[in-house]
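Spelled out, the chains give:
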Amino acid sequence: MIEIIDLHCHLTFEQYDEDREQVIEEAKKVLKGVVTSGVEPEDAKHALELAEMHKGFVFAMLGLHPIHVAGKTGQEIEEYEEFISENKRRIVGIGEIGLDYHWIRDPLKIKRTKEVFVDFLGLAKELDLPVVLHLRGTGSEAIEEGLKIISDEDIIKAVFHCFTGKPQLAEQICEEGYYISLPASIVRSKSMKKVAKRVPISFLLTETDAPYLSPTDEERNVPQHVKEVYEEIARQRKIEFAETEEEIERNFERLFKVEL
Ligand SMILES: [Zn+2]
């Protein structure tokens, strides 16, 4: 019996509109749980619905992805935060939130993205929920900045989702007590493999970011591909697949205060 977990994916996205239920049923055959992340208000409602329909298997977390910040007014964001507060018991965390210097280049937009990021960190603290961070840019600039912001904001529980930084930075993040989540694209990344080998296993998590980041030639990724991350972690650390499963599950349950 395989007991793997996908910490971060987007089952609500249109790539699954044709066969969403089938994708989830297939995922149930090999996974113990998946977290689907709502990235903006409309998507958030859908994420909650999916979690409701597949209780104990699909978990929801809600956030405002940095690329959706510019399109929202202050009032819309405030209302969305209220919506999240009201649904606090139906979610396991706040995310994804963060910085994105790949898509956002305009200084004014960058400034606002940061303000909204800090705002959502405040919401996470208020609701006592962990955060899942999207920190993307050239090099490790966004990751380093994100790390500084969350420590300044006294965030205790955070996951650096789809970690693309250097192994040394990953170690620093774990020393501060935060988690690193590795995606299935690890199969193509030397630096992710080093991260899998070097950071304490009690700070590692596994994800797909499906429908993105497929490890295969298929364009659309699915949660069951998270298996590749487990295989790579086991290979890099020279441990059994089963031990990897146990460790990741323990991390997941500790972080989200859930039992799978
Ligand atoms: Zn994502």
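In case you missed it, the structure is sitting above this.
Treat the numbers as computed from the prediction; the structure is a model and nothing was measured. (Residues numbered from 1 in each chain as written. Predicted model: local features only at pLDDT ≥ 70, side-chain atom pairs only at ≥ 80, totals over all residues. Heavy atoms only, no water.)

A.B. asks: Describe the pairing of strand β4 (residues 91-100), with residues and values.
C.D. replies: Of all ten residues that make up β4, ten are buried, and the element is covered over most of its length. Sheet topology note: the strand β3 (residues 58-62)/β4 ladder contains three bridges and is parallel. Opposite A60, over in β4, you have I91 as the bridge partner. Sheet analysis places β4 next to strand β5 (residues 131-136), joined by six bridges and oriented parallel. (Buried < 20%, exposed > 50% of the residue type's maximum accessible area, 1.4 Å probe, protein only. Helix = DSSP H or I, 4+ residues; strand = E, 2+ residues; numbered from the N terminus. Pairing = 2+ DSSP bridges.)

A.B. asks: Give a description of the environment of E141 that names residues and reports values.
C.D. replies: Within the secondary structure, E141 sits in helix α5 (residues 141-152). Assessed through its relative accessible area of 45%, E141 is described here as partly exposed. Between the C-alpha atoms of E141 and C9, which are 132 residues apart in sequence, the distance is 24 Å.

A.B. asks: Explain a negative patch on the surface to me, using residue names and the numbers behind them.
C.D. replies: A cluster of acidic side chains, namely E76, E78, E79, E82, E86 and D119, defines a negative patch on the protein surface. With five residues, the top contributor of residues to the negative patch is helix α3 (residues 74-86). Relative to the elements of secondary structure, E76 occurs in helix α3. Judged by its relative accessible area of 36%, E76 falls in the partly exposed class. (Patch = residues over 30% accessible without salt bridge, like charges linked within 9 Å, V, L, I, M, F, W, Y side chains within 5 Å. Areas by Shrake-Rupley, 256 points an atom, 1.4 Å probe, with all protein chains shown as cover. Salt bridge = Lys/Arg side-chain N within 4 Å of Asp/Glu carboxyl O. Lys, Arg positive; Asp, Glu negative; His and termini not counted. Charge placed at Lys NZ, Arg CZ, Asp CG, Glu CD.)

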